[in-house]
Amino acid sequence: DIQMTQSPSSLSASVGDRVTITCRASQTISTYLGWYQQKPGKAPKLLISAASTLKSGVPSRFSGSGSGTDFTLTISSLQPEDFATYYCQQSYGTPYTFGQGTKLEIK
Amino acid sequence: EVQLVESGGDLVQPGRSLRLSCVVSGFTFDEYAMHWVRQVPGKGLEWVSGISWNSINIKYADSVKGRFTISRDNALKSLYLQMNSLRVEDTALYYCAKDDSRVMATPFGLDFWGQGTWVTVSP
């Protein structure tokens, strides 16, 4: 199985900050990588697919990059509604696997 | 508006069975692969199973292989998960999720999710 390792596991930041979350795959997955946002009590929401394609309706302050084994999610200027848990997920092969999550908290 | 509505979750004893259902609307169901993903309270996401648009390609996580069976009825716009020989460690919120592709193993991700149905397995 392909293992996905996210870092950091948690992050404290302030409104307006630029933050970056990283995700590393245990083997190459090309750009078969999605980023999800999950708020408490809600289902995950797909923000970015194919490593860097912003989904419709997602603010442009979110961006994704990377290919192969190393990927990043960047939020250019944090907004209050961005405080949530973020997951990466590989869809290169089954079983699909998720990173352990990064909890983004208000400083 | 895309909607996915799960049902069938319950409190059951170990060894018993449950059948989860997911009814969808707002998109052409038979053009997309579908998945079940679960989440233990306070923990991360675990992919459980996926099925291609035509049911030809079906995959399972090792943790459920041989116990769970995914299926779909395109005429009824419904996805199912038959869960047999349930274990305490199967306790979780089970989400139904739409793939953005007809088949699995593409770059496109799971673009719509239901709100989940709770499965609790306890003696």
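Residues numbered from 1 in each chain as written. Chains lettered and ligands numbered in written order. Predicted model: local features only at pLDDT ≥ 70, side-chain atom pairs only at ≥ 80, totals over all residues. Heavy atoms only, no water.

Chemist: So what about the overall build of chain A? Which residues, and what values?
Modeler: The number of helices and strands found in chain A is zero helices and eleven strands. Along the chain direction, N to C, the helices and strands of chain A fall in the order β-β-β-β-β-β-β-β-β-β-β. The principal-axis extents of the C-alpha atoms in chain A amount to approximately 35 × 25 × 25 Å. In chain A, buried positions account for 50% of the 107 residues. (Helix = DSSP H or I, 4+ residues; strand = E, 2+ residues; numbered from the N terminus. Buried < 20%, exposed > 50% of the residue type's maximum accessible area, 1.4 Å probe, protein only.)

Chemist: Tell me about the interface of chain B and chain A, and please be specific about residues and values.
Modeler: On the chain A side, the residues contacting the 25 residues of chain B number 21 residues. Interface area for chain B against chain A, summed over the two sides, is near 1800 Å², with a carbon-plus-sulfur share of 60%. Among the residues chain B hides against chain A, the three largest losses belong to B:Leu45, B:Trp47 and B:Pro107. Together they make up 32% of the total. Across the pair A:Lys55 and B:Asp100 runs a salt bridge, and its minimum N-O distance is 3.2 Å. Counting across the interface, chain B meets chain A through ten residue pairs in polar contact (both at pLDDT 80 or more). Elements with a minimum of two residues in the side of chain B that touches chain A: strand S4 (34–39), strand S5 (45–51), strand S9 (92–99) and strand S10 (110–113) of chain B. (Contact = heavy atoms within 4.5 Å. Buried area = accessible area lost by both parts, 1.4 Å probe. Salt bridge = Lys/Arg side-chain N within 4 Å of Asp/Glu carboxyl O. Polar contact = N/O pair within 3.5 Å; in protein donor to acceptor, adjacent residues only side chain to side chain.)

Chemist: Tell me about the side chain of A:Thr85, and please be specific about residues and values.
Modeler: Positionally, A:Thr85 belongs in strand S9 (residues 85–90). Discounting chain neighbours no more than four positions away, the residues touching A:Thr85 are A:Tyr36, A:Gln37, A:Gln38, A:Gly101, A:Thr102 and A:Lys103.

Chemist: I'd like a rundown of the sheet that holds strand S7 (residues 62–67) of chain A, residues and numbers included.
Modeler: Residue and element names in this part refer to chain A. Taken in spatial order, the four strands line up as S1-S3-S8-S7 in an open sheet, and their pairing is antiparallel. Strands at the two margins of the open sheet, each flanked by one partner only, are strand S1 (4–7) and S7. The mean inter-strand angle of the sheet, taken between neighbouring strand axes irrespective of direction, is 15 degrees. (Pairing = 2+ DSSP bridges. Axes fitted to C-alpha atoms, helices over the stretch in contact; angles between N-to-C directions.)

Chemist: Account for the sheet that holds strand S1 (residues 3–7) of chain B, naming residues and giving values.
Modeler: Residues and elements named next belong to chain B. Within the open sheet, the four strands sit side by side as S1-S3-S8-S7. Their pairing is antiparallel. A single partner strand is all that each edge strand has here, and the edge strands are S1 and strand S7 (68–73). Direction aside, the axes of adjacent strands within the sheet are offset by 15 degrees on average. Where strand S3 (residues 18–25) and strand S8 (residues 78–83) come together, six bridges link them in antiparallel fashion.

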